[in-house]
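As a plain string of letters, each chain reads:
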Amino acid sequence: MNSGIDLQARFIESLTALGIPNRAAKALWIPLPSFLMIIAATVGVLVVVWLERKISAAAQQRIGPEYAGPLGVLQPVADGIKLVFKEDIIPAKADPWLFTLGPVLVVLPVFVSYLIVPFGQNLVVTDLNVGIFFWITLSSVVPIGLLMAGYASNNKYSLLGGLRAAAQSISYEIPLALSVLAVVMMSNSLSTIDIVEQQSGYGILGWNIWRQPVGFFIFWIAALAECERLPFDLPEAEEEIVAGYQTEYAGMKFALFYLGSYVNLVLSALVFAILYLGGWESPIPLDKLAGWLGVSQDSSWLQVITASLGITMTVLKAYFLIFIAILMRWTVPRVRIDQLLDLGWKFLLPVSLVNLLLTAALKLAFPVAFGG
């Protein structure tokens, strides 16, 4: 399989050609992918905020933002600048340390999770052997920050929002983990690279969405609940508890909650694309297409095209899922808290368990198709 361009090797080779020692070139490479990933995630959030405004406007037959830049593309930037310069207020009877630490715990694990997201064979910050469980573990830290923020605010509505966030996370993390475990069982690996490679070779027919249709829906519903997207935004619920855990927040701390929410949405869409939609793989296998055309897989220009197409396919799949999530927000009504918990414990949990057992049985019965 054509692995695309190896950016790390090419970067180090370029620096050593300029006379920089090999060890120094490797040291310069270490922070670069993380820095680029943070920038890419932040820009992705700005794009999602703009899409949220435009898609919601189209759904409600409105125009949406159009004066802040072409088609209103600078509106998210204007919102960010406004929040940066707003006064940062800490309530008089709040716990200042926990009040400040809450938003940090919400944002930091989500950014760290981007380390295991691959955009190509060699286009990943770190290929961990337990990459998927690393993501699930970090995602379970976020509700602690929400609960901490609600408790430290010394506000009954904030506390209710924090408690709802914790209950919602516990309810939906288990079905999400079980649906992921079914994919891991078929891939025989927890590495995100290996999961994508297991889906390669047959184009769109090899994607896990066809072998895991039930897990596909369970993961998507649980991911929306983890991101607190409508119809699962019970921790905020402006009509019921003012704004939930963020009632007392203002300025940049308030912005961090929204940043964490949108970054988590983009991350969940990327992980979804990796697990079920073939990741960087295109619907038509590029290596087979190159073989039919008589092009050598070792040619440098084909490696560049493969790497570029891998990034494009991963981003397109993720933003298609984000489009569906935004459309659901403006078309589906919010559920009640009892309905939310019933859906998680009484429906998604048993269905995900049955799906896992069925995947194990199919793996034993049809090892070629299910990764035996």
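Scroll up for the structure.
Here goes a summary of the coordinates provided. Quick caveat: nothing in here was measured; it's all calculated off a predicted structure. (Residues numbered from 1 in each chain as written. Predicted model: local features only at pLDDT ≥ 70, side-chain atom pairs only at ≥ 80, totals over all residues. Heavy atoms only, no water.)

Comments concerning helix α15 (residues 337-365)
The terminal C-alpha atoms of α15 lie 41 Å apart, and with 29 residues this matches the ideal 42 Å at 1.5 Å per residue to within 8%. At Leu348, α15 is bent by approximately 35 degrees, the largest bend along its length, and proline Pro350 sits one to four residues beyond. Contacts from the buried residues of α15 go to α8 (156-187) and α10 (213-226). (Helix = DSSP H or I, 4+ residues; strand = E, 2+ residues; numbered from the N terminus. Expected span 1.5 Å × (residues − 1). Bend = angle between axes of the 7 residues up to and from the residue. Contact = heavy atoms within 4.5 Å.)

Details of helix α4 (residues 75-85)
Along α4, the positions that sit buried rather than exposed are Pro76, Asp79 and Leu83. One side of α4 carries all its buried residues, which in axial view fall inside an arc of 60 degrees. Next to the buried residues of α4 lie α3 (31-59) and α12 (251-276). (Buried < 20%, exposed > 50% of the residue type's maximum accessible area, 1.4 Å probe, protein only. Arc of directions from axis to C-beta.)

Let's talk about unusual backbone geometry
At Asn154, a residue that is not glycine, the phi angle is positive and equals roughly 55 degrees. Mapped onto the secondary structure, Asn154 falls in the loop between α7 (142-152) and α8. Positive phi, normally seen in glycine, also occurs at Asn188, with a value near 60 degrees. Take Asn188: it is sitting in the loop between α8 and α9 (192-198).

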